[in-house]
Amino acid sequence: MSNDSSLAQSAHTVSDYLDCLQVVMVNTTLPANIGSAARAMHTMGLSRLTVVDPKLPIDETSVSHAAGGGELLSSALIAPTLESAISNCQLVFAASSRSRHLPRPVVTPTQAAKIMFDFIDTQSALSANDSTVDTSSAALSSKPNIAILFGREDRGLTNEELAYADYHIQIDANPAYPVLNVASAVQVIASFIFAYAQTHIQTADNVDTDLSAPVQPTLNVHLRQQWDEPAITQQQLQQLTQRTTDLMVNRGLANSEHLKSLPSRLSRLGSRLQLDQKEYQLLSALIAKLSKD
């Protein structure tokens, strides 16, 4: 990283980083669990909560379980679908207790935190190097948007929902019963993120961070790289997946009635490629041209 980027990074506070993260709870059954999750988030400095299609709305039991985190419930976003909740996110994690069909890279909470914070540094450095941006502010110049998905109390996230994630987070637990209550899962992952934040800030103040370095301990996953353009959003990735699928069907390379896992494989390929905005525009133009010919 350049000296300018290092200085910009060292000016960031823990709150600056945590403000880039949103917890997304999918199709919750009990309002009390939403409140307990809000309390867990508040304890660990997270403030952005999105609830996707809850079976019951936030109510008085949510508030009573939230304790000091009641303000998070007041500002919580209620989204009709997971797609709408994460459409403007550039990086998505999902909490999962077991491997699924077409698995994504699996990381521990600490490894996830490192990936998140390195991603934030890289993206904010792009803005810091932009002459049109005022870098005198201690806040992140252009906030990246990162989502952490948590599933239903009884069965977690579906295969289709897990396919939206770039990485799956698994918490070390008793192999005979590795399933946590959703609010407990939020608490554990949030605590690892908060703990890592302290170390990350101290390192940024004293050491020039190497964003190309692998997650420690060494992990056999492909990490998001350093861009010269901002990363694409989840909505753009899904649009590209759909356009590619449609093109393959129109060209006779896929049968629309027997797509099976093709969209999921294309989505996973997009996550692995880690596209930026310019690359997205190039591929979009190529698909548009091929669709007309």
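What counts and what doesn't
- Residues numbered from 1 in each chain as written.
- Predicted model: local features only at pLDDT ≥ 70, side-chain atom pairs only at ≥ 80, totals over all residues.
- Heavy atoms only, no water.
- Salt bridge = Lys/Arg side-chain N within 4 Å of Asp/Glu carboxyl O.
- Helix = DSSP H or I, 4+ residues; strand = E, 2+ residues; numbered from the N terminus.
- Buried < 20%, exposed > 50% of the residue type's maximum accessible area, 1.4 Å probe, protein only.
- Core = buried A, V, L, I, M, F, W, Y, C linked by side-chain atoms within 4.5 Å.
- Contact = heavy atoms within 4.5 Å.
- pLDDT = per-residue confidence, 0-100.
- Expected span 1.5 Å × (residues − 1).
- 1 Å grid on protein atoms, 1.4 Å probe; cavity = no way out; pocket = protein on both sides within 12 Å on 5 of 7 lines; lining within 4 Å.
- Points joined across faces, edges and corners; volume = space filled by probe spheres on them.
- Nonpolar A, V, L, I, M, F, W, Y, C, P; charged D, E, K, R; others polar.
- Phe/Tyr/Trp six-rings, centres within 6.5 Å; stacked < 30°, edge-to-face > 60°.
- Axes fitted to C-alpha atoms, helices over the stretch in contact; angles between N-to-C directions.
- Parallel < 35°, antiparallel > 145°, perpendicular 65-115°, else oblique.
- Left-handed = near helix turned anticlockwise from the far one by under 90°.

**Details of the pattern of salt bridges**
Then, number 1: Inspection of the entire model under this criterion finds 3 salt bridges.
Then, number 2: Ionic pairing is found between lysine 114 and aspartate 118, a salt bridge with its closest N-O pair at 2.6 Å. Residue lysine 114 and its partner aspartate 118 are both found in helix α7 (residues 109-128); the two are separated by 4 residues, about one turn of the helix. An identical accessibility class is assigned to lysine 114 and aspartate 118; each is buried.
Then, number 3: Between glutamate 161 and arginine 152 there is a salt bridge, and its shortest N-O distance comes to 2.7 Å. A single burial state applies to glutamate 161 and to arginine 152, both of which are buried.

**Description of the nonpolar core**
What tends to happen in soluble globular proteins is that the nonpolar side chains get buried as a cluster.
Then, number 1: Core analysis: the biggest nonpolar cluster contains 47 residues, and Leu49, Phe93, Met116, Phe150 and Ile193 have the highest contact counts within it.
Then, number 2: With 10 residues, helix α9 (residues 182-206) is the single largest residue contributor to this core.
Then, number 3: Setting aside residues no more than four positions away along its own chain, phenylalanine 93 makes contact with Ala112, Ile115, Met116, Ile146, Ala147, Ile148, Leu149, Ala165, Tyr167 and Ile169.
Then, number 4: One finds Ala79, Cys89, Leu162 and Ala165 within the second-largest nonpolar core, a separate group that totals 16 residues.

**Description of the confidence of the model for the protein**
Then, number 1: With 81% of its residues at a pLDDT of at least 70, the protein reaches an overall mean of 84.
Then, number 2: A low-confidence stretch, residues 1-10 (pLDDT under 50), is modelled with 19 contacts involving residues beyond four sequence positions or located in other chains.
Then, number 3: This stretch, residues 131-139, has a pLDDT under 50; its non-local contacts, to residues over four places away or in other chains, come to 10 contacts.

**Observations regarding helix α11 (residues 262-273)**
Then, number 1: Here α11 is 12 residues long and its end C-alpha atoms lie 16 Å apart, about the 16 Å a rise of 1.5 Å per residue gives.
Then, number 2: Where α11 is buried, its residues touch α10 (234-250).
Then, number 3: Looking at the residues trailing α11, positive phi occurs at glutamine 274, about 55 degrees.

**So, α10**
An α-helix turns once per 3.6 residues; consequently, residues spaced three or four apart project the same way.
Then, number 1: The first and last C-alpha atoms of α10 sit 24 Å apart over 17 residues, in line with the 24 Å expected at 1.5 Å per residue.
Then, number 2: Taken as a whole, α10 has its buried residues at Gln234, Gln236, Leu237, Leu240, Thr241, Thr245 and Leu247.
Then, number 3: Summarising the contacts, the buried residues of α10 are in contact with β4 (91-95), α11 and α12 (277-292).

**Notes on the layout of surface pockets**
Then, number 1: What the largest pocket holds in volume is close to 460 Å³.
Then, number 2: Taken together, 24 residues line the largest pocket, and the ones lying closest to its centre are Ala95, Ser96, Ser97, Val179 and Leu180.
Then, number 3: The biggest single contributor to the lining of the largest pocket is α9, with 3 residues.
Then, number 4: Of the residues contributing to the lining of the largest pocket, the split by class is 12 nonpolar, 6 polar and 6 charged.

**Overview of the packing of aromatic side chains**
Then, number 1: Tallying each qualifying case throughout the model produces 3 aromatic pairs.
Then, number 2: Measuring from centroid to centroid gives 4.8 Å for tyrosine 17 and phenylalanine 117, while their planes differ by 10 degrees, and the two rings are stacked. With a gap of 100 residues between them, tyrosine 17 in helix α2 (residues 14-18) and phenylalanine 117 in helix α7 connect regions that are remote in the sequence. Across the pair, phenylalanine 117 and tyrosine 17 agree in class, each one buried.

**Some thoughts on the packing of α10 against α11**
Then, number 1: One way to put it is that α10 packs onto α11 with a least axis distance of 9 Å and a crossing angle of 130 degrees. It follows that α10 is oblique to α11 by the angle criterion. Viewed along their axes, α10 and α11 form a crossing whose handedness is right-handed. Facing α10, whose interface residues are Leu237, Gln238, Thr241, Thr244, Thr245 and Met248, α11 presents Leu262, Pro263, Leu266, Ser267, Gly270 and Ser271.
Then, number 2: Residue classes in the contact of α10 with α11 are distributed as 5 nonpolar, 7 polar and no charged.

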